[in-house]
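Structural description and commentary
What follows is each chain in one-letter form.
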Amino acid sequence: MKPRMIVTASLLATVAAVLLLVAIQTLHIRTWGGERAQPVSATRHPAQLSEENLVDVLSTLQLSTPIARVEWKQSILTLDLKVTRTGTSYTEIYANMAAVADLGFQSLDNVNQVLLRVMAEDEWLHKRHLLLAADFRRGEWPMYAIETLRSWKSPILSEELKDWFHMMETELWKKQFEMTSQG
């Protein structure tokens, strides 16, 4: 056999093998996943938040404080987190706030603002009291700010955190967390 024919035969065999592999993979997808088969990673977090997937998206959050109220309107996600246990720590609350911000701004691309309130609920009187509020706005804080909030070890927030996330503590927050940590 001439060298030119060997190269040509090898090339044709390689092209045939590639086409055969593509055909087998296509047949495999149609057999096991149907036409709608998608990689597992594609369903992990949607890139767009909507009314239709709001519950599914929020259910991926691992929060120690339950969500009491949620609203999605015009790229603004509004959430109330409910603190019912007296043993809930400020570090848990900060971690939950960071998880919400992380989801809203790292996993979703159509959230421009997260309005977040941390509410204390009196189980006996069924009254809700504001403890802490934040207004997270896309692009108004540095990349490391969410991790700073997640790992913050003081009930007294830094001025940077307050400025970045437009945070506000109530007197009840100060009484519950700041004064108890000092004494």
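Above this text sits the structure in question.
A brief report on the enclosed structure follows. Nothing here was measured: the structure is a model prediction, and the numbers come from that model. (Residues numbered from 1 in each chain as written. Predicted model: local features only at pLDDT ≥ 70, side-chain atom pairs only at ≥ 80, totals over all residues. Heavy atoms only, no water.)

Let us look at the overall build of the protein chain. Each helix and strand counted, the protein chain has six helices and five strands in total. For the protein chain, the N- to C-terminal ordering of α and β elements is α-α-β-β-α-β-β-α-α-β-α. Buried positions account for 32% of the 183 residues belonging to the protein chain. Of the roughly 11900 Å² of accessible surface on the protein chain, a fraction of 58% belongs to carbon and sulfur atoms. (Helix = DSSP H or I, 4+ residues; strand = E, 2+ residues; numbered from the N terminus. Buried < 20%, exposed > 50% of the residue type's maximum accessible area, 1.4 Å probe, protein only. Areas by Shrake-Rupley, 256 points an atom, 1.4 Å probe, with all protein chains shown as cover.)

Attention now goes to unusual backbone geometry. For residues other than glycine, phi is negative in most cases, and the peptide bonds are mostly trans. Of note in this structure, Gln-74 is not a glycine but carries a positive phi near 50°. Residue placement: Gln-74 occurs in the loop between β1 (67–73) and β2 (76–83). The backbone phi angle of His-166 is positive, close to 50°, even though this residue is not glycine. One can find His-166 in the loop between α5 (159–165) and β5 (168–169).

Right, let's talk about the packing of aromatic side chains for a bit. Inspection of the entire model under this criterion finds eight aromatic pairs. Seen in terms of ring centroids, Tyr-144 and Trp-164 are 5.6 Å apart; in terms of plane orientation they differ by 85°. Their pairing is edge-to-face. Here Trp-164 lies in helix α5 and Tyr-144 lies in the loop between β4 (127–137) and α4 (145–150), a separation of 20 residues in the sequence. For Trp-164, a relative accessible area of 13% puts it in the buried group. Taken together, Tyr-90, Tyr-94, Trp-173 and Phe-177 form an aromatic cluster joined through their ring pairs. (Phe/Tyr/Trp six-rings, centres within 6.5 Å; stacked < 30°, edge-to-face > 60°.)

Within the open sheet, the five strands sit side by side as β1-β2-β3-β4-β5. Their pairing is mixed. In the strand order of this sheet, the two ends are held by β1 and β5, each with one partner. As paired elements, β1 and β2 share six bridges and run antiparallel to each other. Along β2, the bridge assignment pairs Val-70 with Leu-79. Set on the sheet, helix α3 (residues 90–107) makes contact with β2, β3 (113–122) and β4; between it and β4 the angle comes to about 45°. (Pairing = 2+ DSSP bridges. Contact = heavy atoms within 4.5 Å. Axes fitted to C-alpha atoms, helices over the stretch in contact; angles between N-to-C directions.)

This part is about the environment of Trp-173. The topology assignment puts Trp-173 in helix α6 (residues 171–182). We classify Trp-173 as buried; its relative accessible area is 0%. Linking Trp-173 and Leu-131, residues 42 residues apart in sequence, is a C-alpha distance of 4.8 Å. Here Trp-173 is in contact with Tyr-90, Ile-93, Tyr-94, Leu-131, Leu-132, Pro-155 and Glu-178, once residues within four sequence places are set aside.

Where charged atoms from two side chains of opposite charge approach closely, those side chains can pair. Under the defined criterion, the tally for this structure stands at twelve salt bridges. With a closest N to O distance of 3.8 Å, Lys-174 and Glu-171 form a salt bridge. Of the two residues, Lys-174 and Glu-171 both sit in helix α6, three residues apart, roughly one turn of that helix. In this structure Lys-174 comes out as partly exposed when scored by relative accessible area, which is 26%. The exposure class of Glu-171 is exposed, given its relative accessible area of 56%. (Salt bridge = Lys/Arg side-chain N within 4 Å of Asp/Glu carboxyl O.)

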